[in-house]
Amino acid sequence: MSGGHSHSYHLVEPSPWPAAGAASAFVTAVGAIMYMHEMAFGGALLGLGLLGILATMWWWWRDVIREAEFQGHHTPIVQLGMRYGMILFIASEVMFFVAFFWAFFDASLYPDTGIWPPADVEPFDAFDIPLANTLILLLSGCTVTWAHAALLQGNRRDLVNGLGITILLGIAFTALQAYEYVHAAFGFTDGIYSSTFYMATGFHGFHVIVGTCFLIVCWFRARAGHFKPDHHFGFEAAAWYWHFVDVVWLFLFLCIYWWGGR
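What counts and what doesn't
- Along each chain, residue indices are assigned from 1 in the same order as the chain's sequence is written.
- Note on the predicted model: pLDDT of at least 70 is required for a residue's local features to be given, and 80 or more for side-chain atom pairs to be given and counted; whole-chain, interface and lining totals, by contrast, use all residues.
- Computation of side-chain values: all heavy atoms of the structure, hydrogens and water removed.
- Here, the term nonpolar core denotes a set of buried Ala, Val, Leu, Ile, Met, Phe, Trp, Tyr and Cys residues that are joined through side-chain atoms within 4.5 Å.
- Relative accessible area decides the class of each residue, using a 1.4 Å probe on protein chains only: under 20% of the type maximum gives buried, over 50% gives exposed, and in between gives partly exposed.
- Counting from the N terminus, the helices are DSSP H or I runs at least four residues long and the strands are E runs at least two residues long.
- We call two residues in contact whenever any of their non-hydrogen atoms come within 4.5 Å of each other.
- To define axes, lines are fitted to C-alpha atoms, for helices over the stretch in contact only, and angles between the resulting N-to-C directions are given on a 0 to 180 degree scale.
- Should an angle fall under 35 degrees it is taken as roughly parallel, and over 145 as roughly antiparallel, whereas 65 to 115 is taken as roughly perpendicular and any remaining angle as oblique.
- Ten residues, namely Ala, Val, Leu, Ile, Met, Phe, Trp, Tyr, Cys and Pro, are considered nonpolar, four, namely Asp, Glu, Lys and Arg, are considered charged, and the remaining ones, Gly among them, are considered polar.
- The length a helix should cover is 1.5 Å for every residue beyond the first.

(A) The nonpolar core, seen in detail. In terms of nonpolar packing, the biggest core is built from 50 residues, with L159, L163, F197 and F235 touching the most fellow members. In terms of residues, this core owes the most to one element, helix α7 (residues 233-259), which gives 16 residues. If near-sequence neighbours (up to four positions away) are discounted, F235 is found in contact with V144, A147, H148, L151, L159, L163, C218 and F227.

(B) Focus on the packing of helix α3 (residues 76-109) against α7. Relative orientation of the contacting elements α3 and α7 amounts to 10 degrees, with a least axis distance of 11 Å. Relative to α7, the element α3 is oriented roughly parallel. Class assignment for the residues of the contact of α3 with α7 results in 22 nonpolar, two polar and three charged.

(C) Region of interest: α3. Its 34 residues give α3 an end-to-end C-alpha distance of 48 Å, which sits within 8% of 50 Å, the value for a rise of 1.5 Å per residue. Regarding α3, the residues found buried are V78, Q79, M86, I90, E93, F97, F100, F101, F104, A107 and S108. Among the structural elements, α6 (192-223) and α7 are those in contact with the buried residues of α3.

Below you can see the structure in the form of structure tokens.
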């Protein structure tokens, strides 16, 4: 009768963002396929889909932040459910990358020509830009852990600094990978090696960009005083996602750049 909740769960209000996100992802996928096949309007459709994804991220995060910080809906039980959800999401992402590794190993262990990499492909030197990117991501894993430790200790200055350094390292990684792609000796459609290489490393690069956006949101929230030592799942989820990106890159470096390029 008083209008309060008689339970500790959060009954989510109707939201357009899951449908908007799914539609934007579909448009992005169709646009990417059209762009890779050099079809008309493929690039425009791809850009439109990416803008839709960014807009969905912006408004969906806005609603979740409002629920967590100002409406008090994220009780301990709700946070537990979110943790389980994030774990399952990362597990699904692991299987997503398993598919690309499977394709790469199937092609490399049983090559049609008997040679891997193919004779007409000049692979990247694993100990050049890929090694630098490996060191960058490993360092970023340390800095995001530093930020988390600072938050648990109530040290907001180090929380903000650690997040800021992690974001800069993520941007540096993306810039180096873009430079690597521009100077590659092979293109996406130059054979099975090229296709599996770009699909695996390209989707990882996309995940790095998403993770960097995730951390940027956390950086602004930290500056606004949103996170507390006992109530900060938004930051925790971003850190989990970033560590997942780190681990996937280690496998990419060892399996595709080093072993697969020898």
